[in-house]
Amino acid sequence: MIDLFSGLDAWVLISLFLALAFVLAFEFINGFHDTANAVATVIYTKAMPPHLAVLLSGFFNFLGVLLGGVGVAYAIVHLLPVELLINVNTGRGLAMVFSLLAAAIAWNLGTWYFGIPASSSHTLIGSILGVGMANAMINDIPLAEGVNWQKAIDIGASLVVSPIVGFGVAALMLIALKRWRPLSKMHKTPDQRRKLDDKKHPPFWNRLVLVLSALGVSFVHGSNDGQKGIGLIMLVLIGIVPSQFVLNLTSSTYEIERTRDATLHLAQFYQRNNTSLGEYLALGKAREGDLPEQFECNPQQTEPTIAALQENLRGVADYHSMAADKRIETRRFLLCLDDTARKVGKLPDLGAREKADLDKLRKDLTSTTEYAPFWVIFAVALALGVGTMVGWRRVVLTIGEKIGKQGMTYAQGMSAQITAAFAIGLANVFSLPVSTTHVLSSGVAGTMVANRSGLQGSTVKNIMLAWVLTLPVVMCMAAGLFWLASKAIG
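Cut-off values and rules
Residues numbered from 1 in each chain as written. Predicted model: local features only at pLDDT ≥ 70, side-chain atom pairs only at ≥ 80, totals over all residues. Heavy atoms only, no water. Helix = DSSP H or I, 4+ residues; strand = E, 2+ residues; numbered from the N terminus. Buried < 20%, exposed > 50% of the residue type's maximum accessible area, 1.4 Å probe, protein only. Contact = heavy atoms within 4.5 Å. Axes fitted to C-alpha atoms, helices over the stretch in contact; angles between N-to-C directions. Parallel < 35°, antiparallel > 145°, perpendicular 65-115°, else oblique. Left-handed = near helix turned anticlockwise from the far one by under 90°. Nonpolar A, V, L, I, M, F, W, Y, C, P; charged D, E, K, R; others polar. Phe/Tyr/Trp six-rings, centres within 6.5 Å; stacked < 30°, edge-to-face > 60°. Disulfide = S-S within 2.5 Å. pLDDT = per-residue confidence, 0-100. Patch = residues over 30% accessible without salt bridge, like charges linked within 9 Å, V, L, I, M, F, W, Y side chains within 5 Å. Areas by Shrake-Rupley, 256 points an atom, 1.4 Å probe, with all protein chains shown as cover. Salt bridge = Lys/Arg side-chain N within 4 Å of Asp/Glu carboxyl O. 1 Å grid on protein atoms, 1.4 Å probe; cavity = no way out; pocket = protein on both sides within 12 Å on 5 of 7 lines; lining within 4 Å. Points joined across faces, edges and corners; volume = space filled by probe spheres on them.

## Describing the overall build of the protein chain
When helices and strands are tallied, the protein chain shows 21 helices and zero strands. Within the protein chain, the proportion of its 490 residues that are buried is 54%. The long-range share in the protein chain, meaning contacts at least 24 apart out of those at least 6 apart in sequence, stands at 83%.

And the structure:
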């Protein structure tokens, strides 16, 4: 790993390590900011002692990051427009990363301090959107092109829908449990259990479900939220040390051939659909040498981009053999072709079968650009796991006692946690970032309503206020910081 950074100027090395420290600090804060959501019910219901619960939650967060893949990581990265991703340089890369992280960390620490279950995912997405829009204004780019709005809409929908689903499913699950076993001890609160049964812990089976579902929430939280840190570190590395990280230098010959074949098949796909795509892509109108000297991603330049990419990859069996500038250029071409293919896939004239074929080609195209070295994954896993083991007390009380007017029953805890684990796990399958905080707290709120316990207006108001304010406040903070940083670097 160390050889990847050899030969760098001292100021670049210092900036790089500072940027990496910022990302890992964000993940550490994310750990203790969001951990309470995973352990709140088992701690509040006394299913596990606090320190054991937090230790196991940290370990399962760690495992979740290690085994979670990188789909969500690049869903976050691609919130930024492709033009910003392909033209990032050291100065702009640093300004971008420090601005969005400073805004996200400030908001996370503020909401944690006041014990408000706010969303780290929401915060990070707001920061990225703020940087993208500020970049557009600084460079006189239309705001409509300053952010990948389609990706933003997809992610926004997942952030809005997931708490609603969490509320409804958890409520229905509690209703089902009450009808199935109306007199069960699982419908008691910890205080009622202690006073009526003189027992400190939940009944055995309830305790087992609470523990297993808490570990499940921790695992899926790690796999979802940890990937956001992975995506941020890859932004840092690509922005500051592009020659070493724009392409996966450990790619096998087969993986490189797969990428090369994908470009050939993409050209054939476009020719096969010439009738519906010919005008949009200017098929047959551009020559191989038509790429402008200052490359811009334009669907009208698709054919010469494919030709140039095939030329770059001709005879390449190992990315190490490519010159640094060729690696950077190759990544630009791959990102551009993927972005164009994404836009083509949204066109109404393309059939469902053709869209499915195009999705497969996109996966092959990006197989050597959408990656993360193991040391990056391990570092994020460690930061999130260790962060999980501190700072959990402030939010546990909010989740357990301050959402509803009565304390949480064992059945409510099980319903909320099982719902959260499945909802976040499903989001991981579709590479969608969601908020563990919002899914679980809305699940608890749903069980309170289903249990006719009522909700505490002040707590719900604070949570909703944080939910509503997070995006606009963090967007403005990140945009302002990026503007100042851009002015500073000229």
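There is more to say, and it comes next.
## Looking at the packing of helix α12 (residues 253–272) against helix α16 (residues 352–365)
Interhelical geometry of α12 versus α16 gives an angle of 155° and a closest axis separation of 8 Å. Regarding the angle of α12 to α16, the classification is roughly antiparallel. Crossing geometry of α12 relative to α16 is assigned as left-handed. Residues Arg258, Thr259, Ala262, Thr263, His265, Leu266, Phe269 and Arg272 of α12 form the contact with α16, whose participating residues are Glu354, Asp357, Leu358, Leu361, Lys363, Asp364 and Leu365. The class makeup of the residues in the contact of α12 with α16 is six nonpolar, three polar and six charged.

## Observations concerning the packing of aromatic side chains
Within this structure, the stated rule accounts for six aromatic pairs. A centroid spacing of 5.1 Å and a plane angle of 90° characterise the contact between phenylalanine 22 and phenylalanine 98, whose relative ring orientation is edge-to-face. With a gap of 76 residues between them, phenylalanine 22 in helix α1 (residues 10–44) and phenylalanine 98 in helix α5 (residues 90–113) connect regions that are remote in the sequence. The class of phenylalanine 22 is partly exposed, set by a relative accessible area of 30%. Pairing phenylalanine 204 with tryptophan 205 gives two aromatic rings, centres 5.1 Å apart and planes at 75°, and the pair type is edge-to-face. Phenylalanine 204 sits in the exposed class, given a relative accessible area of 57%. Take tryptophan 205: its relative accessible area is 64%, and that puts it in the exposed class. Of the aromatic side chains, those joined through ring pairs into one cluster are Phe62, Phe374 and Phe378.

## Remarks on the packing of α12 against helix α13 (residues 274–281)
For any two helices packed against each other, the geometry comes down to the angle between their axes and how far apart the axes lie. Closest axis-to-axis distance for the α12/α13 pair is 6 Å, and the angle between their directions is 110°. Our classification of the angle between α12 and α13 gives roughly perpendicular. Here Phe269, Tyr270, Gln271 and Arg272 of α12 come into contact with α13, specifically with Asn274, Leu277 and Leu281. Tallied by class, residues from the contact of α12 with α13 come to four nonpolar, two polar and one charged.

## Some details on the state of the cysteines
Summed over all chains, the structure comprises one disulfide. A sulfur-sulfur separation of 2.2 Å characterises the disulfide bridge that pairs cysteine 297 with cysteine 336. Between cysteine 297 and cysteine 336 the sulfur-sulfur dihedral comes to about 95°; the bridge is accordingly right-handed. In this pair, cysteine 297 sits in the loop between α13 and α14 (302–313) while cysteine 336 sits in helix α15 (residues 324–345), placing the two residues 39 residues apart along the sequence. A residue is classified by how much of its surface remains accessible, and cysteine 336, at 2% relative accessible area, is buried.

## Some words on the side chain of threonine 123
As for its position among the elements, threonine 123 is in helix α6 (residues 120–138). Threonine 123 has contacts with Ala104, Trp107, Asn108, Thr470 and Val474, leaving out every residue within four places of it along the chain.

## Remarks on the confidence of the model for the protein chain
Put simply, the protein chain has an average pLDDT of 83, and 88% of its residues get 70 or more. When mean pLDDT is compared element by element in the protein chain, α12 scores highest at 93, while helix α18 (residues 393–402) scores lowest at 53.

## A closer look at a nonpolar patch on the surface
A surface patch of nonpolar side chains, amounting to about 760 Å² of accessible area, comprises Phe28, Leu52, Leu55, Phe374, Phe378, Leu382, Val386, Met389 and Val390. Counting only elements with at least two residues in the nonpolar patch, the list comes to α2 (50–67) and α17 (374–388). Tallying contributions element by element places α17 first for the nonpolar patch, with four residues. Along the chain, the position of valine 386 falls in helix α17. Since its relative accessible area comes to 40%, valine 386 is described here as partly exposed.

## Describing the layout of surface pockets
The calculated volume of the largest pocket comes to roughly 960 Å³. Around the largest pocket sit 33 residues that line it, and Lys151, Arg362, Lys363, Glu370 and Ser431 are the ones nearest its centre. Secondary-structure elements contributing two or more residues to the lining of the largest pocket are α3 (71–77), α4 (82–86), α8 (149–180), α15 and α16. Top element by residues in the lining of the largest pocket is α15. It accounts for six residues.

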